[in-house]
Amino acid sequence: MNLLNLAPLAFATLIAASEALSGAPGVRAQPAVTRFEFFKTESRQSGVWVVQQGPLRFRLPITDAPKPGLAQHLPAPHGLPGFAAPVDQAVPALVPFLELEDARTIVATDGADSIEVRDNGRSLTARWTSWALVGGKAGERIDPGLESEVRWTIDDRSVTRTERLTARRPITIRRWRVIVSSTATRWIDYSAGTTRTDVFDSPDGVLSVTLVRADWPYGTSRTAASPIHLRFEAAEIALSPGQPRSWTLRLEAGGTGAHD
């Protein structure tokens, strides 16, 4: 997102939200907030989702970026305790990169084709049929015949992201990858049945990450060094028209630390 290109009101709103969520000196405690501020509602839509509710404090921008795929501009809950997107790096921080059969890599970002806000700002749904091209030019988008519908919902302590992929023609995703880039220095994981949860203990809070379900097999790995990042990857995901496939990730703020 190029802040200099935002309308003055949108710029002021985003800066105010950023300062409040980061606990900047001199900023008083704010009341609970769950709202979406639209920057643009015609054609390609954009804006920022501001959530400040108990341990959930984040802003999720759906806006343009100076370079497609830069992590700090992806539609992810920036400011959520325990999560931090790498700066000025094109990495799939909570938003998957999809490598197509022709070796192009796409990502659902740079505004959206549509944005819907429901439940008094507690639910947000965005859709993409025009995708940003990683490594491409700013504002460059392609239509690969694939739609992404992403729904974010919040409860008292967690934010859940569910993405549904729908193809208009047979498509194979050669490589699907997403990372949870944390600020953690300590980590544990545990399983309940077939569901695994990773708990990241960070200086700014504890973050629990659960890949609730995915309609394809995937692998999981993490970095050995601090800060610790969690990676999910899959290969050769075949999509057929009329047969959507989806995956769900839940992030829970607060709770018990890895070594408490």
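Scroll up for the structure.
A brief look at the structure comes next. (Residues numbered from 1 in each chain as written. Predicted model: local features only at pLDDT ≥ 70, side-chain atom pairs only at ≥ 80, totals over all residues. Heavy atoms only, no water.)

### Things to note about the sheet that holds strand β13 (residues 186–192)
Alright, step 1. If you walk across this open sheet you meet the eight strands as β6-β7-β10-β11-β18-β15-β14-β13, and the pairing is antiparallel. Either end of the sheet is taken by a strand with one partner, and the two such strands are β6 (114–118) and β13. Strand-to-strand twist across the sheet, computed as the mean angle between neighbouring axes with direction ignored, equals 15°.
Alright, step 2. By the bridge criterion, nine bridges tie strand β10 (residues 146–154) to strand β11 (residues 158–167) in an arrangement that is antiparallel. The partner of Arg 151 across the bridge, within β11, is Thr 162. (Pairing = 2+ DSSP bridges. Helix = DSSP H or I, 4+ residues; strand = E, 2+ residues; numbered from the N terminus. Axes fitted to C-alpha atoms, helices over the stretch in contact; angles between N-to-C directions.)

### Notes on the packing of aromatic side chains
Alright, step 1. In the structure shown here, the tally under the stated rule is five aromatic pairs.
Alright, step 2. Judged by centre distance (5.4 Å) and plane angle (70°), the ring pair of Trp 176 and Trp 216 falls under edge-to-face. Of this pair, Trp 176 sits in strand β12 (residues 171–181) while Trp 216 sits in the loop between β15 (205–214) and β16 (219–222), and the two are 40 residues apart along the sequence. Trp 216 shares its class with Trp 176; the two are buried. (Phe/Tyr/Trp six-rings, centres within 6.5 Å; stacked < 30°, edge-to-face > 60°. Buried < 20%, exposed > 50% of the residue type's maximum accessible area, 1.4 Å probe, protein only.)

### A closer look at the sheet that holds strand β3 (residues 56–62)
Alright, step 1. The strand order across the open sheet formed by three strands is β1-β2-β3, and the pairing between neighbours is antiparallel. Strands with a single pairing partner mark the edges of an open sheet, and in this sheet they are β1 (33–40) and β3. This sheet shows a mean twist of 10° between the axes of neighbouring strands, independent of strand direction.
Alright, step 2. In this structure, β1 lies alongside strand β2 (residues 46–53), joined through seven bridges in antiparallel fashion. Following the sheet pairing, Val 33 is matched in β2 by Gln 52.

### Quick notes on the pattern of salt bridges
If the charged atoms of two oppositely charged side chains come close together, the side chains can form a pair.
Alright, step 1. Under the definition given, this model contains 16 salt bridges.
Alright, step 2. Here Asp 64 and Arg 141 are joined by a salt bridge, their closest N and O atoms 3.3 Å apart. In this pair, Asp 64 sits in the loop between β3 and β4 (97–99) while Arg 141 sits in strand β9 (residues 141–142), placing the two residues 77 residues apart along the sequence.
Alright, step 3. Residue classification places Arg 141 among the partly exposed residues on the basis of a relative accessible area of 31%.
Alright, step 4. What you see here is one network of salt bridges that share partners, running through Glu 116, Arg 118, Arg 127, Glu 149 and Arg 164. (Salt bridge = Lys/Arg side-chain N within 4 Å of Asp/Glu carboxyl O.)

### So, the nonpolar core
Alright, step 1. Residues Trp 49, Ile 62, Leu 80, Trp 176 and Leu 249 are the most contacted members of the largest nonpolar core, which totals 57 residues.
Alright, step 2. With six residues, the top contributor of residues to this core is β12.
Alright, step 3. Counting five residues, the second largest nonpolar core, distinct from the first, contains Leu 74, Val 95, Phe 97 and Ala 132. (Core = buried A, V, L, I, M, F, W, Y, C linked by side-chain atoms within 4.5 Å.)

### So, unusual backbone geometry
For residues other than glycine, phi is negative in most cases, and the peptide bonds are mostly trans.
Alright, step 1. Along the chain, Ser 226 connects to Pro 227 via a cis peptide bond; the corresponding omega equals -5°.
Alright, step 2. Summarising the element assignment, Pro 227 is placed in the loop between β16 and β17 (229–239).
Alright, step 3. Positive phi, close to 55°, is recorded for Ser 43, a residue that is not glycine.
Alright, step 4. For Ser 43, the location among the structural elements is in the loop between β1 and β2.
Alright, step 5. The phi dihedral of Asp 110 falls on the positive side, at around 60°, and the residue is not glycine.
Alright, step 6. Since its relative accessible area comes to 1%, Asp 110 is described here as buried.

### Observations concerning the environment of Arg 57
Alright, step 1. Mapped onto the fold, Arg 57 is located in strand β3.
Alright, step 2. A C-alpha to C-alpha distance of 6.3 Å links Arg 57 and Gly 79, two positions 22 residues apart in sequence.

So yeah, pure geometry; function would need other evidence.
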